[in-house]
Amino acid sequence: MRALLGGVALACLAGRAEAADARLRFTIPARSYADALIDLGLQANISILGTASCGSGGRVELSGRRTLRDALDQVLAGAPCRYTIIDDRTVRILPGGPPRTPIVTHEAPRAPALVSEVVVTATKRPASLDQLPAGVSAISRNQIVSTRAVDVGQATGQLAGVLTTNLGPGRDKLLIRGLSDGAFTGRTRSTVSTYLDDAPINYNAPDPDLRLVDIDRIEVVRGPQGALYGSGSLAGVFRIVTSKPDLERPAFGATAGVASTKGGDRSRELDGYVSLPIVRDRIAIRLAAYEDVQGGYLDDVNLRIANVDQTRRDGGRIAVRVRIDDHWRLDALAATQHLRSNDTQYITTPIGSPPSSGVAAMALEEGWNSAPGERRSLVREAHNNDFSYGGVTLQGDFEWGSITSSTSYVHHVFSSQFDATRALEPNEALGGVPTNIGDLGVFTEATRSNMLVQDLVVRSSGVGPFDWLVGIYGARTMERNPSTLGVLSVGPAVMSAYTEYRKDRQREYAIYGEGAYELGDGWSVTVGGRFFETEVRTTAQLDIVAPYRPRFFDQARTFNGFSPKISLQRQFSNGDLVYGLVTEGYRPGGFNSSGFLPIRPSRTTFSPDRLRNYEVGVKLRRLDSRLGVRAAAYYDDWSNIQTDRYRNSGLAYTANVADAQIIGLEAEVAYDWPFGLSLQANGLISDSRVRNRNPDFEAPVPSELPGVPNASGGVLAVYERPLGGDLSLRFSGEANYVGYAGLSFDATTPQRMGHYLRAKLSVEVASEHWRLMAYVTNPFDGAGDTFAYGNPFTFGKVRQVTPQRPRTVGLRLGAAF
């Protein structure tokens, strides 16, 4: 990778100087000034900020080859707004008529303007997020880089109502708006649908924890999105948008960093990207590659291993863009990542009294309490997560509208190993299995998931009072889940006490669409929906040691229905927006097969669940667009909630637990001062009530949804001042609070977690091409309990606590040409 990054640097330097005068090809049908600027930014692969300054009027079109300046001049001729070219990748639109000579400034790289108007496509059409009648947020490329948000977990604090569990790298699940089905990851489909560009990349798998290298932006749509995205988007959509190849200009960037964690090993990171036009104006390629090592910081006393929880991650992407003609464009992307965690990141403390006999007593004879940063396990609890993706998107833009066809294939393999020695104790599930003092229990599970998706979308141009979108969707998912509970004897001898080979097949087909009609005086109404059918079949072969008997499981079901959407919104002449929205999300049902004993018929299946969302929101800009406010209040009715559970043996199953009602208020506020300070704050307050408990659910149920706090929020501040020449100095501070939360739907294990503060500080010196950053995370060296779970075989028997990573100090050097 180092040779690749160095070999193209000189070519990229030469291309940068010509960027402002490069001639680009544009095809923009007749649109309003603001919509034409959005299309111009997408086709030129640049960021255009502040399009709302042009209002909602005007009608302009553009076609042919032009420089960026010529295109802007023609689009804004006679418009009530003007433009400023910040750099070759950024244009800002300002209110007021065009000056005689367009303003062109060249500045050092800027800190992210937190009150920015980002164009998003998470609703399957390009639009400014301030013009969308939904809870939509975005993090721009500059903000990702300036805040060192290198993965999903580090980005969530900048988004209202978005949280993640903290089981460990490659093991976590995303949560939005407090809509949690519990903290465990099992057979249930994810409540948040994660997308890489135009393709879904998860089904019931944990988040793959992709490193955010050369990312254009992150988009989040909060609330159920069943009408456009189908099952799996019950709580919302989290979309990672990669940077696309540039058909005109080469580009190059690289970053290297080192960090030191208090009491732990050192960490390191290296990443880079390069974009090269192969055939100018026709074909371009973009490569990205990365490697990082997160040093361990926990010690395992029993195994006598220091810093046991090291994680290595490496991967890359290759993207190709082909402009077939003036109407058609093809984008292809291949991505892969490999993640290896040597061990988990939780520690244990006692619940009740320690065991009086057996191997667990021997293992813990030195005392039950672990010191801070220590754990006492008998087996390494490693985790692997390998992700591969390939996708092709074909898009055609015409006078009447556009066609987009996306085909993708995801191959996801992840596996975990757990210390299952507690399952060998008397009166547990393996009570009938002959074991000896010193025997160890080891549980290994793996998932091999293959997902093929085709999505075809046809949409109108948006010209006129009626705008529409129609789509056809098909997906096929195959999951293979081998799992084994083994007994390791002193001999050494290995006995497989329990083995299950499970296979799940899902097929989903859907037709969806929506239409928006302008009623006049800024009012418009949108109505849409999705007809769907999902086929599920599960087979499993179980081989179990005597006295239990082997068995075979084979069942299938089909689920179908309709998911509606309706919204009413008004956009005022100053760009303010108010809206009301009703949406719905759903997840199909499935089957349980695991267990030493045959499962009761009533627990063999779990039913679909459904969530309906009622929402009102407002989006405002004030003080010459320096102040931005986005807020929404919502009420959700969630019926037949699916949740993942663990039996006493540590084996997982899924159950419908109850219904719930959730009310909440979320807000994002940002302000940019003219002297270089930008401040952003976000927050979520939610309250849930669990009701109508399923009588077949064997455990008492808590009164609130588990896994999420009633209150969470964050603050981000960025200050920049010039140092002379093209140098600038930047300070950045970020703090996020996560309130108290329960862990599971089992009220007999009332473990509470949360009530902690995450913080990060950085200082950076930057020029047009170089950045040098020093940073510290967890500067106050707080611990907290970020996640009260780590091992299903000791859960409920010992208290499991996941502290924050101790204070970490790092240094990063970056370059971009």
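I will try to describe carefully the structure that is included in this document.

What counts and what doesn't
- Residues numbered from 1 in each chain as written.
- Predicted model: local features only at pLDDT ≥ 70, side-chain atom pairs only at ≥ 80, totals over all residues.
- Heavy atoms only, no water.
- Helix = DSSP H or I, 4+ residues; strand = E, 2+ residues; numbered from the N terminus.
- Contact = heavy atoms within 4.5 Å.
- Areas by Shrake-Rupley, 256 points an atom, 1.4 Å probe, with all protein chains shown as cover.
- Salt bridge = Lys/Arg side-chain N within 4 Å of Asp/Glu carboxyl O.
- Buried < 20%, exposed > 50% of the residue type's maximum accessible area, 1.4 Å probe, protein only.
- Core = buried A, V, L, I, M, F, W, Y, C linked by side-chain atoms within 4.5 Å.
- Arc of directions from axis to C-beta.
- Patch = residues over 30% accessible without salt bridge, like charges linked within 9 Å, V, L, I, M, F, W, Y side chains within 5 Å.
- Pairing = 2+ DSSP bridges.
- 1 Å grid on protein atoms, 1.4 Å probe; cavity = no way out; pocket = protein on both sides within 12 Å on 5 of 7 lines; lining within 4 Å.
- Points joined across faces, edges and corners; volume = space filled by probe spheres on them.
- Nonpolar A, V, L, I, M, F, W, Y, C, P; charged D, E, K, R; others polar.
- Polar contact = N/O pair within 3.5 Å; in protein donor to acceptor, adjacent residues only side chain to side chain.
- Axes fitted to C-alpha atoms, helices over the stretch in contact; angles between N-to-C directions.
- Parallel < 35°, antiparallel > 145°, perpendicular 65-115°, else oblique.
- Left-handed = near helix turned anticlockwise from the far one by under 90°.
- Disulfide = S-S within 2.5 Å.

As for the overall build of the protein
Then, in step 1: Counting secondary structure elements, the protein contains 9 helices and 47 strands.
Then, in step 2: Restricting to contacts in the protein with at least 6 residues of sequence separation, those with at least 24 account for 69%.
Then, in step 3: Of the roughly 31,000 Å² that the protein leaves accessible, carbon and sulfur atoms contribute 57%.

Focus: the pattern of salt bridges
Then, in step 1: Counting across every chain of the model gives 59 salt bridges.
Then, in step 2: Of the charged contacts, one joins D554 and R537 as a salt bridge, the two residues approaching to 2.9 Å between their closest N and O atoms. Taken together, the residues D554 in strand β30 (residues 551-571) and R537 in strand β29 (residues 523-544) connect sequence positions 17 residues apart.
Then, in step 3: Given a relative accessible area of 38%, D554 falls into the partly exposed group.
Then, in step 4: E764 is the salt-bridge partner of R771, the closest N and O atoms lying 3.3 Å from each other.
Then, in step 5: Judged by relative accessible area, E764 falls into the buried class, the value being 5%.
Then, in step 6: Residues joined in a network through salt bridges with shared partners are R148, D151, D209, R211, E269, D271, D292, R313 and R812.

Structural notes on the nonpolar core
Then, in step 1: Within the largest apolar cluster, 73 residues are counted, with the highest numbers of intra-cluster contacts made by L196, I218, F238, Y389, W638, L705 and F745.
Then, in step 2: L705 has contacts with G178, S180, W638, I641, A660, I662, S688, V690 and F745, leaving out every residue within four places of it along the chain.
Then, in step 3: Formed by 24 residues, the second largest nonpolar core is a distinct cluster that contains I28, I48, Y83 and V91.

With respect to the environment of F787
Then, in step 1: Structurally, F787 can be placed in the loop between β45 (770-777) and β46 (798-801).
Then, in step 2: A relative accessible area of 1% means that F787 is categorised as buried.

Considerations on helix α4 (residues 68-75)
Then, in step 1: Inspection of α4 places L68, A71, L72 and V75 among the buried residues, and these make up the whole buried set. All buried residues of α4 project into a common sector of 95° when viewed along the axis, lining one side.

A short note on a nonpolar patch on the surface
Then, in step 1: Taken together, V258, W770, L772, L811 and L813 make up a surface patch of nonpolar side chains, about 470 Å² in accessible area.
Then, in step 2: At the level of secondary structure, the elements contributing two or more residues to the nonpolar patch comprise β45 and β47 (808-816).
Then, in step 3: Inspection of the secondary structure assignment puts L811 in strand β47.

Considering the sheet that holds strand β13 (residues 199-200)
Then, in step 1: Spatially, 5 strands are ordered β9-β14-β15-β12-β13 in an open sheet, and the strand pairing comes out mixed. Each edge of the sheet is formed by a strand with only one pairing partner; in this case those strands are β9 (135-140) and β13.
Then, in step 2: Note: strand β12 (residues 192-196) against β13, 2 bridges, orientation antiparallel. Within β13, the residue paired with L196 across the bridge is A199.

A closer look at the layout of surface pockets
Then, in step 1: Taken as a whole, the second largest pocket spans an internal volume of roughly 660 Å³.
Then, in step 2: Lining the second largest pocket are 24 residues, and of these Y646, R647, N648, S649 and Y653 lie nearest its centre.
Then, in step 3: Along the lines of polarity and charge, the residues of the lining of the second largest pocket split into 11 nonpolar, 6 polar and 7 charged.

Here we look at empty space enclosed by the protein
Then, in step 1: The final tally for this structure, using the stated rule, is 18 cavities of 30 Å³ or more.
Then, in step 2: When its volume is computed, the second largest cavity comes out at roughly 610 Å³.
Then, in step 3: Lining the second largest cavity are 34 residues, with T185, G186, F414, E445 and Y646 positioned closest to its centre.
Then, in step 4: Looking at the lining of the second largest cavity, the elements that each hand over two or more residues are β25 (401-419), β26 (440-460), β27 (466-489) and β28 (493-520).
Then, in step 5: Of the residues in the lining of the second largest cavity, the class split is 17 nonpolar, 12 polar and 5 charged.

Looking at the environment of S388
Then, in step 1: Following the sequence through the fold, S388 ends up in strand β24 (residues 383-397).
Then, in step 2: Spatially, the C-alpha atom of S388 lies 5.1 Å from that of H411, the residues being 23 residues apart in sequence.
Then, in step 3: Aside from chain neighbours lying at most four places away, what touches S388 is A335, T336, Y409, V410 and H411.
Then, in step 4: At 3.4 Å, the side chain of S388 forms a polar contact with the side chain of T336.

Some thoughts on the packing of helix α3 (residues 33-44) against α4
Then, in step 1: Between α3 and α4, whose axes approach to 10 Å, the crossing angle comes to 165°. In terms of axis orientation, α3 runs roughly antiparallel to α4. Here α3 and α4 pass one another in a crossing that is right-handed. Seen from α3, the contacting residues are Y33, A36, L37 and L40; seen from α4, they are L68, A71, L72 and V75.
Then, in step 2: Residue composition of the contact of α3 with α4, by class: 8 nonpolar, no polar and no charged.

Comments concerning the pairing of strand β18 (residues 283-294)
Then, in step 1: By the bridge criterion, 11 bridges tie strand β17 (residues 266-279) to β18 in an arrangement that is antiparallel. In the sheet register, L270 faces β18, and the bridge partner there is E291.

Some words on the state of the cysteines
Note: disulfide means a covalent bond formed between the sulfur atoms of two cysteine side chains.
Then, in step 1: Tallying each qualifying case throughout the model produces 1 disulfide.
Then, in step 2: Covalently, C54 is tied to C81 through a disulfide, its sulfur atoms 2.0 Å apart. Taking the sign of the torsion about the S-S bond as the criterion, the disulfide between C54 and C81, at about 95°, is right-handed. With C54 in the loop between β2 (47-49) and β3 (60-67) and C81 in strand β4 (residues 81-87), the pair connects residues that are 27 residues apart, well separated along the chain. The residues C54 and C81 share a single accessibility class, namely buried.

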